[in-house]
Amino acid sequence: MYHSLEKVVAESRRKNDVANKILHPLASRLSIYFSWIFINIGISANGATLIFFLFGLASTVLILGNTLTFILLSYLCYRLHIIVDVSDGEVARYNQTFSINGSYWDSMIHQLVYPLLFISMTIAQFFIWDDPLFLILGCFGGIVVGLTMSV
């Protein structure tokens, strides 16, 4: 069954839509198109959450390539990670398929991806400068980012 973009926009709107557009100016405007695609090809909100995780994980791995191409691909995957993160909630609101499981995994993915991204950036710098201080900063910073996400 085909779902129009207008219907998806109307039925998946957040209660705090204005605040979300301020917090995520790019992602909140592009996510509806991803949501529309996911809904029309039958990807569930949990499926979108999995895609959001895969983009985030790809971002952490690609940055280790340490070339301009890999860094740009890493950034692209990171941005797609944020866009699909907003989109999974829109798919859940449209389909009325809210679950504690989906909410849990959404939170856990943030808890995993952001510290890993920080650690990956410092490992990439270690490869460039061959200074073990970057590894120490990466471990310490990854823990701090993880704890900050927990609060």
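Basis of the calculations
- Residues numbered from 1 in each chain as written.
- Predicted model: local features only at pLDDT ≥ 70, side-chain atom pairs only at ≥ 80, totals over all residues.
- Heavy atoms only, no water.
- Helix = DSSP H or I, 4+ residues; strand = E, 2+ residues; numbered from the N terminus.
- Buried < 20%, exposed > 50% of the residue type's maximum accessible area, 1.4 Å probe, protein only.
- Contact = heavy atoms within 4.5 Å.
- Lys, Arg positive; Asp, Glu negative; His and termini not counted.
- Charge placed at Lys NZ, Arg CZ, Asp CG, Glu CD.
- Core = buried A, V, L, I, M, F, W, Y, C linked by side-chain atoms within 4.5 Å.
- Salt bridge = Lys/Arg side-chain N within 4 Å of Asp/Glu carboxyl O.
- Axes fitted to C-alpha atoms, helices over the stretch in contact; angles between N-to-C directions.
- Parallel < 35°, antiparallel > 145°, perpendicular 65-115°, else oblique.
- Left-handed = near helix turned anticlockwise from the far one by under 90°.
- Nonpolar A, V, L, I, M, F, W, Y, C, P; charged D, E, K, R; others polar.

## Overview of the overall build of the protein chain
- In terms of helices and strands, the protein chain carries seven helices and zero strands.
- For the protein chain, the α and β elements follow one another from N to C terminus as α-α-α-α-α-α-α.
- Counting only C-alpha atoms and orienting by the principal axes, one finds that the protein chain spans roughly 55 × 35 × 25 Å.
- Taken across its 151 residues, the protein chain has 34% of its residues classed as buried.
- When contacts within the protein chain are restricted to residue pairs at least 6 apart in sequence, those whose partners lie at least 24 apart make up 76%.
- For the protein chain, the separation between the mean place of its 8 positive charges and that of its 9 negative charges on side chains is 12 Å.

## Focus: the nonpolar core
- The biggest cluster of nonpolar side chains holds 18 residues, and the ones touching the most others in it are V8, A27, F38, I39, V84 and V91.
- Secondary structure elements with two or more residues in this core: α3 (27-41), α4 (45-62), α5 (68-95) and α6 (100-129).
- A total of seven residues in this core trace back to one element, the largest contributor, which is α5.
- Dropping the residues within four chain positions of it, V91 is found in contact with S35, F38, I39, I43, S44, A45 and T97.

## What to know about the pattern of salt bridges
- One pass over the structure, following the stated rule, counts one salt bridge.
- Between D17 and K21 there is a salt bridge, with the nearest N and O atoms lying 3.2 Å from each other. On the criterion of helical spacing, the pair formed by D17 and K21 is a turn pair, its members being four residues apart in helix α2 (residues 17-23).

## Remarks on the environment of K21
- Its relative accessible area of 27% is what places K21 among the partly exposed residues.
- If we ignore the near neighbours within four places in the chain, the residues touching K21 are S28 and R29.

## Examining the packing of α4 against α5
- For the pair α4 and α5, the least separation of the axes is 8 Å and the interaxial angle reads 165°. Comparing their axes, α5 and α4 come out roughly antiparallel. In the packing of α4 onto α5, the handedness of the crossing is left-handed. The segment α4 lies against α5, with A45, A48, T49, I51, F52, F55, G56, A58, S59 and L62 engaging F70, L73, S74, C77, Y78, L80, H81, V84, D85, D88, V91 and A92.
- In the contact of α4 with α5, the residues fall into 15 nonpolar, five polar and two charged.

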